[in-house]
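Geometric and topological summary
If you want the building blocks of each chain, they are given just below.
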Amino acid sequence: MLFMARNNLAKRKSGSVARNRLKTILLSERMDCSADTMLMMKNDLVQAMDKYLPVDRTGIQIQFQQNPPMMLAQIPILQEKDSRKDYVKTV
Amino acid sequence: MSEVIVITSGKGGVGKTTTAANIGTGLAMLGKKTVVVDTDIGLRNLDVVMGLENRIVYNLVDVIYGNCRLKQALIRDKRYNNLYLLPSAQTKDKTAVTPEQMIKLTEEMSSYFEYIILDCPAGIEQGFKNAIAGASRAIIVTTPEVSAIRDADRIIGLLEANDVTQIELIINRIRPDMIQKGDMMSVDDVIEILAIHLLGIIPDDQQIVIATNQGVPLSGRNSPAEQGYINICRRIIGEEVPFLTFDIKKGIFRKMTELFRS
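Side note on the side chain of Thr143(B)
Residue and element names in this part refer to chain B. Secondary-structure assignment places Thr143 in the loop between β6 (137-142) and α7 (146-161). Taking relative accessible area as the criterion, Thr143 reaches 1% and is therefore assigned buried. Beyond its immediate stretch of four places on either side in the chain, Thr143 contacts Val14, Ala148, Ile149, Asn172 and Arg173.

Some words on a positive patch on the surface
On the surface, Lys33(B), Arg69(B), Lys71(B) and Arg76(B) cluster together to form a positively charged patch. Along the polypeptide, Lys33(B) turns up in the loop between α1 (16-29) and β2 (34-38).

Let's talk about the packing of aromatic side chains
Residues and elements named next belong to chain B. A full pass over the atoms with the stated rule returns one aromatic pair over all chains. Taking the centre distance of 5.6 Å and the plane angle of 65° together, the rings of Tyr84 and Phe113 count as edge-to-face. Of the two residues, Tyr84 is situated in strand β4 (residues 83-86) and Phe113 in the loop between α5 (99-109) and β5 (115-119); the sequence distance between them amounts to 29 residues. With respect to burial, Tyr84 and Phe113 carry one shared label: buried.

Topic: helix α10 (residues 206-214) of chain B
Residues and elements named next belong to chain B. Along α10, the positions that sit buried rather than exposed are Gln207, Ile208 and Ala211. For α10, the buried positions fall inside an angular range of 105° around the axis, keeping them on one side. Those residues of α10 that are exposed and aimed more than 90 degrees away from the buried face are Gln206 and Asn213. Next to the buried residues of α10 lie α1 and α11 (224-236). A side-chain oxygen of the first residue of α10 lies 2.9 Å from the backbone nitrogen of Gln207; this N-cap is Asp205. Downstream of α10 by one or two residues, Gly215 has phi in the positive range, about 70°.

Structural notes on the nonpolar core
Residue and element names in this part refer to chain B. Counting residues in each nonpolar core, the largest one holds 53 residues, and the members touching the most others are Leu60, Leu86, Leu105, Met109, Ile140 and Leu159. Among the elements that make up this core, the one with the highest residue count is α7 (six residues). In this structure, Leu105 is in contact with Leu60, Val63, Ile64, Leu70 and Leu86, ignoring residues within four places of it in sequence. Residues Val49, Ile75, Val141 and Ile230 belong to the second largest nonpolar core, which totals 33 residues.

Conventions and cut-offs
- Residues numbered from 1 in each chain as written.
- Chains lettered and ligands numbered in written order.
- Predicted model: local features only at pLDDT ≥ 70, side-chain atom pairs only at ≥ 80, totals over all residues.
- Heavy atoms only, no water.
- Helix = DSSP H or I, 4+ residues; strand = E, 2+ residues; numbered from the N terminus.
- Buried < 20%, exposed > 50% of the residue type's maximum accessible area, 1.4 Å probe, protein only.
- Contact = heavy atoms within 4.5 Å.
- Patch = residues over 30% accessible without salt bridge, like charges linked within 9 Å, V, L, I, M, F, W, Y side chains within 5 Å.
- Areas by Shrake-Rupley, 256 points an atom, 1.4 Å probe, with all protein chains shown as cover.
- Salt bridge = Lys/Arg side-chain N within 4 Å of Asp/Glu carboxyl O.
- Lys, Arg positive; Asp, Glu negative; His and termini not counted.
- Charge placed at Lys NZ, Arg CZ, Asp CG, Glu CD.
- Phe/Tyr/Trp six-rings, centres within 6.5 Å; stacked < 30°, edge-to-face > 60°.
- Arc of directions from axis to C-beta.
- Polar contact = N/O pair within 3.5 Å; in protein donor to acceptor, adjacent residues only side chain to side chain.
- Core = buried A, V, L, I, M, F, W, Y, C linked by side-chain atoms within 4.5 Å.

Below is the structure:
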């Protein structure tokens, strides 16, 4: 457990912070996609999701990955009720 | 057959001029007839790093304007008689020269030299365009910092757009102790981000400052950085040389944790 804690701590070291920031910066620069465009894209994505599921707007994280080029969006969904219970009720 | 290599970085202060001086000197040590060219018009620097500032009569702009012949402007190095410097002009600015004129100049030099090393100014404007115009090969110098790597990435794109196909990377001022602590991006991190071929790594080394103070590149008898530059020169001429590894003094705590992990 101690070693796992150490590993988690190491993940937040400034070297890896720099690496992750650079990856995001460079990918958006290579795609010629500015921070504003990213924000617009993020908002559109959330609106599309929001039509179908309750979305936690405060916890959204968007990351870009280089190899293979990929956009990773983490959009948390608010879980206010458990739909399985509804299912049981209706059946 | 001569090779025209431009040393570039985008960001200033990462060690382009030092690298140009050391690679030029290293290639001369390996017996190659080499010229180092300062293309930073208006901000002359390579001459002082090489320790040849007192011998300048004519400069690059004089050659291009026809005020003198190429051989009159070339300065022979103090220690290696197969190493020459073509200094930059201090009184003109970057617009004094065009890329076409630089191509003509490098073509003229290629009949006398095996290696032509062009020290590129910082930035991506006219001076950069002039420097890369005649080059067939580029060496990008970066440090393991966010700003330098970002600029290096931009430069790679510009070089590719200008048909410089052979692009290689030097990572300068590596601090193995900081990498081990996780407070500096590692060599592998930088290569993964920039996705280009690694030519060499240069550790942060006081000896480089001392050599620059004295104006005598590669004078420190195999300090780590100088060993790094000599390895780079061997790779440039086609030898296969393993990359430097660094022994880091480990504290007792780290030794213990490694013992437990293994």
